[in-house]
Amino acid sequence: MALIVRTVRRDIAPSELGPCDAHEHLFLVTPLQPGDDFTDLGAAVREAETLAAAGARALVDWTPIGLGRDLDGLRAVAEATGLHIVAATGLHRDAHYPADDPLRGASLAELADRFAADLERCGIVKLGASYHVVTAFEAKAFAAAALAHERVGAPVCVHTEHGTIGLQIVERLTGEGVPPTSVVLAHVDRNPDAGEHAETAATGAWLQLDGPGRTKYWPDSTILALIEELAGRGYADRLLIGGDTGRRSMMRAYGGGPGLDYVFARFKPRLERELGQELAEQIFVTNPARAFAFEPRG
Ligand SMILES: [Zn+2]
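Attention here is on the structure that accompanies the text.

**Here's the deal with the nonpolar core**
Argument step 1. Formed by 89 residues in total, the largest nonpolar core has its most connected members in Ala 145, Ala 148, Val 158, Val 183 and Leu 185.
Argument step 2. Here this core gets 8 residues from one element, more than from any other, and that element is helix H4 (residues 136–152).
Argument step 3. When neighbours within four sequence positions are excluded, Val 183 is seen to be in contact with Val 156, Val 158, Val 170, Leu 173, Val 178, Ala 205 and Trp 206.

**What to know about helix H1 (residues 41–53)**
Argument step 1. Taking 1.5 Å as the rise per residue, H1 with 13 residues should run 18 Å; its terminal C-alpha atoms sit 18 Å apart, in good agreement.
Argument step 2. For H1, every residue scored as buried is listed here: Ala 44, Glu 47, Ala 48 and Leu 51. Viewed end-on, H1 has its buried residues packed into an arc of 100 degrees, placing them on one side of the element. Away from its buried face, by an angle of more than 90 degrees, H1 presents the exposed residues Gly 42 and Ala 53.
Argument step 3. Residues of H1 that are buried sit in contact with strand S3 (20–24), strand S4 (58–61), helix H2 (71–81) and helix H8 (262–275).
Argument step 4. Backbone geometry just downstream of H1 places Gly 55 in the positive-phi region, at approximately 115 degrees.

**Focus on the packing of helix H3 (residues 108–118) against H4**
Argument step 1. One can describe the packing of H3 onto H4 by two numbers: an axis separation of 8 Å at closest approach and a directional angle of 45 degrees. In terms of axis orientation, H3 runs oblique to H4. In terms of crossing hand, the pair formed by H3 and H4 is right-handed. Residues Leu 108, Leu 111, Ala 112, Phe 115 and Ala 116 of H3 lie in contact with H4, whose contacting residues are Lys 140, Ala 141, Ala 143, Ala 144, Ala 145, Leu 147, Ala 148, Arg 151 and Val 152.
Argument step 2. A per-class count over the contact of H3 with H4 returns 12 nonpolar, no polar and 2 charged.

**Regarding the environment of Arg 9**
Argument step 1. Within the element layout of this structure, Arg 9 appears in the loop between strand S1 (5–6) and strand S2 (11–12).
Argument step 2. Along the primary structure Arg 9 and Thr 174 are separated by 165 residues, whereas in three dimensions their C-alpha atoms are 30 Å apart.
Argument step 3. Apart from the residues lying within four places of it in its own chain, the contact partners of Arg 9 are Arg 75, Ala 78 and Glu 79.

**Description of the packing of helix H7 (residues 220–232) against H8**
Argument step 1. In the contact formed by H7 and H8, the axes pass within 11 Å of each other and the chain directions differ by 50 degrees. Overall, the two elements H7 and H8 adopt an arrangement that is oblique. Here H7 runs over H8; the crossing is right-handed. Along its contact with H7, which presents Asp 220, Leu 224, Ile 227 and Glu 228, the element H8 presents Phe 267, Arg 270, Leu 271, Glu 274 and Leu 275.
Argument step 2. Looking at side-chain class alone, the contact of H7 with H8 contains 5 nonpolar, no polar and 4 charged residues.

**Structural notes on the sheet that holds strand S8 (residues 156–159)**
Argument step 1. Taken together, 6 strands build an open sheet; the order of strands is S6-S7-S8-S9-S10-S11 and the sheet is parallel. A single partner strand is all that each edge strand has here, and the edge strands are strand S6 (88–90) and strand S11 (239–241). Strand-to-strand twist in this sheet, taken as the mean axis angle between neighbours without regard to direction, amounts to 30 degrees.
Argument step 2. Bridging between S6 and strand S7 (residues 124–128) involves 3 bridges; their strand directions are parallel. Directly across from Gly 90, in S7, lies its bridge partner Lys 126.

**Some remarks on the sheet that holds strand S5 (residues 84–86)**
Argument step 1. Spatially, the 3 strands line up as an open sheet ordered S3-S4-S5, and their pairing is parallel. A single partner strand is all that each edge strand has here, and the edge strands are S3 and S5. Across this sheet, the average inter-strand angle for adjacent strands is 20 degrees, counted without regard to direction.
Argument step 2. Pairing of S3 with S4 involves 3 bridges; the strand directions are parallel. Pairing of Glu 24 across the sheet is with Asp 61, part of S4.

**A few points about H2**
Residues three or four positions apart in an α-helix share a direction because the helix packs 3.6 residues into each turn.
Argument step 1. Every buried residue belonging to H2 is among Gly 73, Leu 74, Val 77, Ala 78 and Thr 81, and all of these are buried. Angular distribution of buried residues about the axis of H2 spans 140 degrees; they occupy a single face of the element.
Argument step 2. Turning to H2, the residues buried within the fold contact H1, S4 and S5.
Argument step 3. Just downstream of H2, Gly 82 is the residue with a positive phi angle, here 80 degrees.

**Examining the pairing of S8**
Argument step 1. By the alternation rule, side chains of S8 split into Val 156 and Val 158 and Cys 157 and His 159, which are all buried.
Argument step 2. In the sheet, S7 pairs with S8 via 4 bridges, with the strands oriented parallel. Within S8, the position partnered with Lys 126 by the bridge is Cys 157.
Argument step 3. For the segment spanning S7, H4 and S8, crossover handedness is right-handed.
Argument step 4. Examined bridge by bridge, S8 and strand S9 (residues 183–186) share 4 bridges and lie parallel to one another. Each residue of the ladder has a partner; that of Val 156, found in S9, is Val 183.
Argument step 5. Following the chain from S8 across helix H5 (residues 166–175) to the adjacent parallel S9, one finds a crossover that is right-handed.

Conventions we followed
- Residues numbered from 1 in each chain as written.
- Predicted model: local features only at pLDDT ≥ 70, side-chain atom pairs only at ≥ 80, totals over all residues.
- Core = buried A, V, L, I, M, F, W, Y, C linked by C-beta atoms within 7 Å.
- Buried ≥ 20, exposed ≤ 12 C-beta atoms within 10 Å, placed from the backbone.
- Helix = DSSP H or I, 4+ residues; strand = E, 2+ residues; numbered from the N terminus.
- Contact = placed C-beta atoms within 7 Å.
- Expected span 1.5 Å × (residues − 1).
- Arc of directions from axis to C-beta.
- Axes fitted to C-alpha atoms, helices over the stretch in contact; angles between N-to-C directions.
- Parallel < 35°, antiparallel > 145°, perpendicular 65-115°, else oblique.
- Left-handed = near helix turned anticlockwise from the far one by under 90°.
- Nonpolar A, V, L, I, M, F, W, Y, C, P; charged D, E, K, R; others polar.
- Pairing = 2+ DSSP bridges.
- Right-handed = clockwise from strand over helix to strand, strands pointing away.

Encoded structure:
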């Protein structure tokens, strides 16, 4: 069997993926962001069109089970825009699910079955960890994701809270049978500490930086400096970049900003200018085609 990237429309060869926004959300509903939900298909198409116009050919949508995920909607956006869209199964971190959410009562085996079944249409398994800890609910999802990975082969993509415990997350998954090269850690730029993340990258895991445009927290220059330092330490081949436009108020189609295209329209050209075309090509094209590719089993 050959390596593929599993998109909502069809499996594609990794070389077909093209310039990729490694972390987005086109539909999302969560009690953690009251008033910031977005569920409208027309708005999702309009936002995705701006990303395609800015040069992206692909995006990975990280909205997991129970948070407004819309697999038919993602397929419709892919058909309307021509973008390759990779969807997620799996669960987010603990705090996104209310105390009475039925997902909390699901057994490990039930979660693993659900994740594996979803992977007929989805191309990644999403997980979430909390700030410096993995809760019991999250630990169950980790174990279920490892079982689903074993059955299907898809990469396991983990939300880190403020970029914490990356190494611990990789070690937990490795202990459950997921190789580090099948693990993507999101939001590492929330903790812009190259030394910390270099230790994680040395395992072979992927580091995803996905905070461009969050100007009230930190400037884009902080992310560029982190990329430069990680590349200087020899980890250019472990880096991914996404926009993570995960709020209604960040979408122009809903009257907000900076918009889904920010990462391609503004951040990528700056990366090319300041750190070079070759590094940008590696991070936006070469690396995603490896990180999100797998050889389907079963
Ligand atoms: Zn996200």
